[in-house]
Amino acid sequence: YGGMGLDFSYNIAVAEELGNIRCGGIPMAIGVQAGMATPALTRFGSDELKKQFLAPTIAGDFVVCLGISEAGAGSDVANIKTTAVRKGDEYIINGGKMWTTSGCQADWMCLLANTSEGPPHRNKSLICLPMNLPGIHVTKKIDKLGMRSSDTAQIFFEDVRVPSKNLIGEEGKGFTYQMLQFQEERLWGVATVLTPLETIIRETIDYTRQRKVFDRSVLHHQAVHFRLAELATEVELLRSLLYRTVALYVEGNDVTKLASMAKLKAGRLAREVTDSCLQFWGGMGFTSEVLVSRFYRDLRLMSIGGGTDETMLSIICKYMDTLPSK
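As annotated in an unreviewed UniProt entry, the chain carries the name IVD dehydrogenase and comes from Aramus guarauna. Within the UniProt record for the chain, the comment given under Sequence similarities (unreviewed entry) is "Belongs to the acyl-CoA dehydrogenase family." In its Cofactor (unreviewed entry) section, the UniProt entry covering the chain states "FAD".

Here is the structure:
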C-alpha cells in the first residue's frame, strides 16, 4: 500500500530523528499519521479500506486524525459515549470528540464508537470516517499551552451516515484494536522526546558556560554541572529502556508493561529536564526567544496525552506480578 515493509524499529528511528525539529507539534502530527491512527487499519482493515484510506495516507495525500478522547473520557477510553448505530448498510454516528490532533485539516478519522449496548470493553468498534460527510462539525481549534503549531479540534457528529463497510476488522473489537495502537503510540512518543532533551541539555551547557554570575560562569558551579550530568544520564537510561522494549515488541512479545514504564518515565523526565534547564537560563529562560521555554511548554503534554502518568501507573501495577519477556 505504498509503505516500505520495514519493522516497527524503523518507525522509532524516524521518530527519534524527528526530534531534531525544534518544536513538538510537527513530530506529533507525523506520529498520528504514522503510528497512532493507522496501525489498526494496517492490521485488521479490509483490502478495500486500505486502498481507499491507508494508501493515500502513507503517500501523504490524506491527513488522518484519531477520534478517541471525549470531553468526559480522555485516558478512560472505555467511558466514551459516541455511538454508531447500524441501520441497513450504514452506521449512524452521534456524539463528539475532543483534543483531536490534526482534526481541523483531516481528510478522515479513525473513529472509536460504541456500536452496541454490551460491556464497555466489547461494545466498541473502529470506523474509517471521511471528514467531509454531512453532520460533521469541527467547532473550533483549541488554544493550547504548548504544541501551538499543531491544530487540535473539538468535533461533533449529528446523524452522520457512513457505509458499514468502513468498519475496521470485526465489530466489537475496537477497544482491543485501540489498545494495540496505544502501545505503538506511546513508544513513538518516547522516541520523539529523546533528541529534544539532549538538545536542551547541550544548549544549556553552552549557555551556562558563557553566562557569568559573581564573576564565574554558571557552569563552573559544581551544583550546575553535576545536575546536568545527572539529567544526561537519565536520558540515556530512558533510551536503553525504549530500545529494549522495541526489540521485544518486534520479536512479537507483549510489551504493555515496559511501554507504559517508558511512557511514564519519558513524561516525568521531560518535565524534570526542561524545568531544571530553564532554571539555569535565568530570566532568559522565561522568554519565548529560547528553545528551552518552547520545550518546557510542548513536552508537558507527554505526561497527559496518550494516557496520563496515573494511567501508566495503573497499567504497570496490573503487571507487577508478570516478569518481562527475556
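Here the focus is the packing of helix α5 (residues 174–210) against helix α6 (residues 222–250). In the contact formed by α5 and α6, the axes pass within 10 Å of each other and the chain directions differ by 160°. It follows that α5 is roughly antiparallel to α6 by the angle criterion. The way α5 lies across α6 gives a crossing that is left-handed. Between α5 and α6, the contacting residues are Glu184, Leu187, Val190, Ala191, Val193, Leu194, Leu197, Glu198, Ile201, Thr204, Ile205 and Thr208 on the first element and Leu228, Leu231, Ala232, Val235, Glu236, Leu238, Arg239, Leu242, Thr245, Val246 and Tyr249 on the second. A breakdown of the residues in the contact of α5 with α6 according to their chemical character gives 16 nonpolar, three polar and four charged.

The subject of this paragraph is unusual backbone geometry. Non-glycine residue Trp99 carries a positive phi angle of around 60°. Structurally, Trp99 can be placed in strand β3 (residues 90–101).

Looking now at the UniProt feature "domain: Acyl-CoA dehydrogenase/oxidase N-terminal" (unreviewed entry) in the chain. UniProt feature "domain: Acyl-CoA dehydrogenase/oxidase N-terminal" (unreviewed entry): in the numbering of this structure it lies at residues 1–61. With 69% helix and 0% strand, the stretch residues 1–61 has end C-alpha atoms that lie 13 Å from each other.

This brings us to the packing of helix α2 (residues 25–36) against α5. Closest axis-to-axis distance for the α2/α5 pair is 10 Å, and the angle between their directions is 150°. When the interaxial angle is binned, α2 and α5 end up roughly antiparallel. Helix-helix and strand crossings are classified by hand; for α2 and α5 the assignment is right-handed. Where α2 abuts α5, its residues Pro27, Ile30, Gly31, Ala34, Gly35 and Met36 lie against Gln181, Glu184, Glu185, Trp188 and Thr192.

Quick look at the environment of Val292 now. Within the secondary structure, Val292 sits in helix α8 (residues 291–298). For the pair formed by Val292 and Arg244, sequence separation is 48 residues and the distance between their alpha carbons is 29 Å. When neighbours within four sequence positions are excluded, Val292 is seen to be in contact with Ile200, Thr274, Cys277, Leu278, Trp281 and Gly285.

With that out of the way, let us pick up the nonpolar core. Soluble globular proteins tend to bury their nonpolar side chains together. Membership of the largest hydrophobic core comes to 66 residues, with the highest contact counts inside it found for Leu41, Ile168, Leu197, Leu242, Val273 and Cys277. Excluding residues that lie within four positions of it along the chain, Leu41 makes contacts with Leu49, Lys50, Phe53, Leu54, Trp108, Cys128 and Ile168. Counting 18 residues, the second largest nonpolar core, distinct from the first, contains Met109, Ile127, Ile155 and Phe157.

Here we come to the domain arrangement of the chain. If you check the domain split of the chain, you get domain 1 (37–170) and domain 2 (176–319). Here the C-alpha centroids of domain 1 and domain 2 sit 30 Å apart. Across the contact, 19 residues belong to domain 1 and 16 residues belong to domain 2. Interface area, domain 1 with domain 2, both sides summed: about 1,400 Å², of which 62% is carbon and sulfur. Contact with domain 2 buries surface across domain 1, with Arg43, Ser75 and Met147 losing the most and accounting together for 34% of the total. The interface formed by domain 1 and domain 2 holds one salt bridge in total. Among the salt bridges present, the one from Arg43 reaches Glu184, with a minimum N-O distance of 2.6 Å. Inspection of the region where domain 1 meets domain 2 yields six residue pairs in polar contact (both at pLDDT 80 or more). In terms of residue class, the side of domain 1 that touches domain 2 is made up of twelve nonpolar, four polar and three charged.

We now examine the UniProt feature "domain: Acyl-CoA dehydrogenase/oxidase C-terminal" (unreviewed entry) in the chain. Within the UniProt annotation, "domain: Acyl-CoA dehydrogenase/oxidase C-terminal" (unreviewed entry) is assigned to residues 172–318. The span residues 172–318 is 74% helix and 3% strand, and its two end C-alpha atoms sit 24 Å from each other.

With respect to the helices and strands, Leu194 occurs in helix α5. Residue classification places Leu194 among the buried residues on the basis of a relative accessible area of 0%. Taking the C-alpha atoms as reference points, Leu194 and Ala266, separated by 72 residues in sequence, lie 8.3 Å from one another. Non-local contacts of Leu194, meaning those with residues more than four positions away in its chain, are made with Glu16, Val235, Leu238, Arg239 and Leu242.

Thresholds, definitions, all that
Residues numbered from 1 in each chain as written. Predicted model: local features only at pLDDT ≥ 70, side-chain atom pairs only at ≥ 80, totals over all residues. Heavy atoms only, no water. UniProt positions renumbered as here; feature names shortened; annotations may be inferred. Axes fitted to C-alpha atoms, helices over the stretch in contact; angles between N-to-C directions. Helix = DSSP H or I, 4+ residues; strand = E, 2+ residues; numbered from the N terminus. Parallel < 35°, antiparallel > 145°, perpendicular 65-115°, else oblique. Left-handed = near helix turned anticlockwise from the far one by under 90°. Contact = heavy atoms within 4.5 Å. Nonpolar A, V, L, I, M, F, W, Y, C, P; charged D, E, K, R; others polar. Core = buried A, V, L, I, M, F, W, Y, C linked by side-chain atoms within 4.5 Å. Buried < 20%, exposed > 50% of the residue type's maximum accessible area, 1.4 Å probe, protein only. Domains from an automatic or database assignment. Buried area = accessible area lost by both parts, 1.4 Å probe. Salt bridge = Lys/Arg side-chain N within 4 Å of Asp/Glu carboxyl O. Polar contact = N/O pair within 3.5 Å; in protein donor to acceptor, adjacent residues only side chain to side chain.

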